[in-house]
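Summary of the model geometry
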Amino acid sequence: DAKTTQPNSMESNEEEPVHLPCNHSTISGTDYIHWYRQLPSQGPEYVIHGLTSNVNNRMASLAIAEDRKSSTLILHRATLRDAAVYYCIPNIIQGAQKLVFGQGTRLTINP
Amino acid sequence: DVKVTQSSRYLVKRTGEKVFLECVQDMDHENMFWYRQDPGLGLRLIYFSYDVKMKEKGDIPEGYSVSREKKERFSLILESASTNQTSMYLCASSSTGLRGIQYFGAGTRLSVL
């Protein structure tokens, strides 16, 4: 399993962009980079994933470094509802693959 | 929307009791998973299943068993509950065709006294 490094915590203000970094220098060539988040008292929820190119969806954007050793999850305008623990997870996408959750980044959003 | 439903949000049991945690998904997913989440240890995989009646051990299967008699239902069984099994239990499901995305239930917080 690829090892990931994320800041323990980050803080931002409402309606400002947030950039959440993740280092995954041991990622293999077949691993996708998944991001999940866990809101208080809920199970994790999928946010976004990508392989090499930057990706956008309605929740966030994912910027992947050219060497794939790091990535950044971008929340364009944070809301209070985005306060959660964010997990970066390298994962192959074939079959029933377990997700290996690290400690993640606890994001606090100030009003 | 995909829905993964866990039968209880909170459960209190006594040491030695047999405990059943139930999980149902409504999206015809092939794969189902049971994790537990503990402070400082993150989420850890207990068991998973990739088809009806099939099961595979995860990282921490000791003290647990599972049952998958129907595609939509995956049960976690604590044969004889112990206090070190007090934890948050999370069920997830995924489709082989959905690029590994897992959908999680809200969790069951189990306390074993």
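As a reminder, the structure under discussion sits directly above these lines.
To start, this report covers the structure provided alongside it. Fair warning: this is a prediction, and the values are worked out from it, not measured in the lab. Positions within a chain are numbered from 1, following the residues in the order the chain's sequence is written. Chain letters and ligand numbers both follow the written order, the letters beginning at A and the numbers at 1. At least 70 in pLDDT is required for a residue's local features to be given in this predicted model, at least 80 for side-chain atom pairs to be given and counted, and no such filter applies to totals for whole chains, interfaces and linings, which use all residues. Water and hydrogen atoms play no part in the side-chain values, which are based on all heavy atoms of the structure.

1. Notes on the overall build of chain A
- Scanning chain A from N- to C-terminus turns up 0 helices and 9 strands.
- Going along the chain from the N terminus, every DSSP run of H or I of four or more residues is numbered as a helix, and every run of E of two or more is numbered as a strand. Sequence-ordered secondary structure for chain A, helices as α and strands as β, is β-β-β-β-β-β-β-β-β.
- For 111 residues, the compact-globule estimate of 2.2 N^0.38 gives 13 Å, and the C-alpha radius of gyration of chain A, at 13 Å, lies within 12% of that figure.
- When its C-alpha atoms are laid out on the principal axes, chain A stretches across 40 × 30 × 25 Å.
- When a residue's accessible area, from a 1.4 Å probe over protein chains only, is under 20% of the maximum for its type it is buried; when over 50% it is exposed; and in between it is partly exposed. Taking all 111 residues of chain A together, 46% fall into the buried category.
- Only heavy atoms enter the contact rule, under which two residues are in contact if any of them lie within 4.5 Å. Long-range pairs, those at least 24 residues apart, make up 56% of the contacts in chain A between residues at least 6 apart in sequence.
- Roughly 5600 Å² of accessible area belongs to chain A as shown, and the carbon and sulfur atoms make up 46% of that amount. Taken over C-alpha atoms, the radius of gyration is set against a globule rule of 2.2 Å times the number of residues to the power 0.38. Only the protein chains shown count as cover for residues, with accessible areas throughout obtained via the Shrake-Rupley method and a probe of 1.4 Å.

2. Some words on the sheet that holds strand β2 (residues 18–23) of chain A
Residues and elements named next belong to chain A.
- Note: two strands are recorded as paired if DSSP finds a minimum of 2 bridges between them. Ordered by their spatial adjacency, 4 strands build an open sheet running β2-β7-β6-β5, and the pairing between neighbours is antiparallel. Edge positions in the open sheet fall to β2 and β5 (55–56), since each of these has one partner strand only.
- Summarising the sheet, β5 and strand β6 (residues 61–64) pair through 2 bridges and their orientation is antiparallel. For Val55, the partnering residue across the bridge sits in β6 and is Leu62.

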